[in-house]
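Letter by letter, the chains look like this.
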Amino acid sequence: MALFQSSARAVPNTNPIPCHIAIIMDGNGRWAKQRFLPRVAGHQRGMETVREIVKECRELGVSYLTLFAFSSENWRRPQEEVSFLMQLFLKMLEREVSKLHENDIRLKVIGDRSRFDENLKRRISDAEQLTSNNSSLTLTVAADYGGRWDVMQAMQKMLQAHPERMNRFKEEDLEAYLSISYAPEPDLFIRTGGEKRISNFMLWQLAYTELYFTDILWPSFDAEALKLAIHSYRERERRFGRTSEQVREEGMQSGRTGD
Ligand code: IPE
Ligand code: IPE
Ligand code: MG
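One structure accompanies this document, and this report is about it. The structure displayed is predicted, hence computed values, not measured ones.

About the criteria used
- Residues numbered from 1 in each chain as written.
- Chains lettered and ligands numbered in written order.
- Predicted model: local features only at pLDDT ≥ 70, side-chain atom pairs only at ≥ 80, totals over all residues.
- Heavy atoms only, no water.
- Near = heavy atom within 4 Å.
- Polar contact = N/O pair within 3.5 Å; in protein donor to acceptor, adjacent residues only side chain to side chain.
- Areas by Shrake-Rupley, 256 points an atom, 1.4 Å probe, with all protein chains shown as cover.
- Helix = DSSP H or I, 4+ residues; strand = E, 2+ residues; numbered from the N terminus.
- Nonpolar A, V, L, I, M, F, W, Y, C, P; charged D, E, K, R; others polar.
- Pairing = 2+ DSSP bridges.
- Axes fitted to C-alpha atoms, helices over the stretch in contact; angles between N-to-C directions.

A word on the site of ligand 2. Around ligand 2 lies a shell formed by Ile24, Met25, Asp26, Phe68, Ala69, Phe70, Ser71, Asn74, Arg77, Arg191, Arg197 and Ser199. Here Arg77 contributes a side-chain N or O atom positioned 3.2 Å from an oxygen atom of ligand 2. A distance of 2.6 Å is found between an oxygen atom of ligand 2 and a side-chain nitrogen or oxygen belonging to Ser199. For ligand 2, whose free accessible area comes to 390 Å², the fraction covered by protein is 78%. Tallying contributions element by element places strand E2 (residues 64-71) first for the shell around ligand 2, with 4 residues. For the shell around ligand 2, the residue count by class is 5 nonpolar, 3 polar and 4 charged.

Met25, Asp26, Gly27, Asn28, Gly29, Arg30, Arg39, His43, Ala69, Asn74, Arg77 and Leu85 make up every residue found near ligand 1. Asp26 is positioned with one of its side-chain polar atoms (N or O) 2.9 Å from an oxygen atom of ligand 1. Contacts to ligand 1 include Arg39, whose side-chain N or O atom sits 2.8 Å from an oxygen atom. Within the complex, 87% of the 380 Å² of free accessible area of ligand 1 lies under protein. Those elements that provide at least two residues to the shell around ligand 1 are helix H1 (28-34) and helix H2 (39-60). Considered class by class, the residues forming the shell around ligand 1 number 3 nonpolar, 5 polar and 4 charged.

Before going further, it helps to examine the sheet that holds strand E3 (residues 105-110). Strand order in the open sheet made by the 6 strands is E3-E4-E2-E1-E5-E6, with parallel pairing throughout. A strand with exactly one partner marks an edge of an open sheet, and here the two such strands are E3 and strand E6 (210-213). Averaged over all neighbouring strand pairs, the angle between strand axes comes to 20°, with direction disregarded. Here 4 bridges tie strand E1 (residues 20-24) to strand E5 (residues 188-191), and the two strands are oriented parallel to one another.

Dropping the structure here:
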């Protein structure tokens, strides 16, 4: 069973601070181009933003932060850029994991690891193991990740594990095999860089997530910009299929009982 209830089965609790924020970190290349720098300089600088946003999320009390670092489709980029990104990921693991651990942050990596080299694969599992009992923030890096890949691999595992349940599978059966089954669905999705698309990120889990798009390029995104996104999130009414009147009525009831 998945740890958290799906929004399709029960209306989730909504808090002023989103429990789970998922971000498409886009715009590194354009940030570099604007400064007449090579694209990879944008990726390098984007790492600074990752540090700042992880720190801020931990301070704000966000429990899960999921960052899209490399998509299944990003292998189509020029070979030099792909290997730079792999090197950057490796460096991040080498240099930052002890800091994450000191700050009680659990690191998880989701995606199809099969195309990574052995060294990177080993670093990933070592980092996950080292930080596995940390609980102040779960930082998930989606690398060689695609939402469609995730649904397919979950389906294959589910069918292999329970061939006898054919025709009787429920949504929650599949959710238990999705690569991020340890986290609730994202409350807030942010995409930087101005594009208004999902680009194969968390297709299943974004079903009821509040979407926020900003033109700010990822290397220029900062704690203030994150707070603006959270502010926008707070102003939304999350209905999950209900009417506005029902949402308000329920809010008043939970206010009266204090839960
Ligand atoms: C996002 O920035 C980082 C990755 C996809 C790895 P981009 O590299 O896509 O930057 P733009 O969209 O070209 O500006
Ligand atoms: C999405 O950004 C993937 C990541 C940020 C890792 P892209 O820049 O690859 O997305 P598209 O190609 O513009 O849709
Ligand atoms: Mg892009």
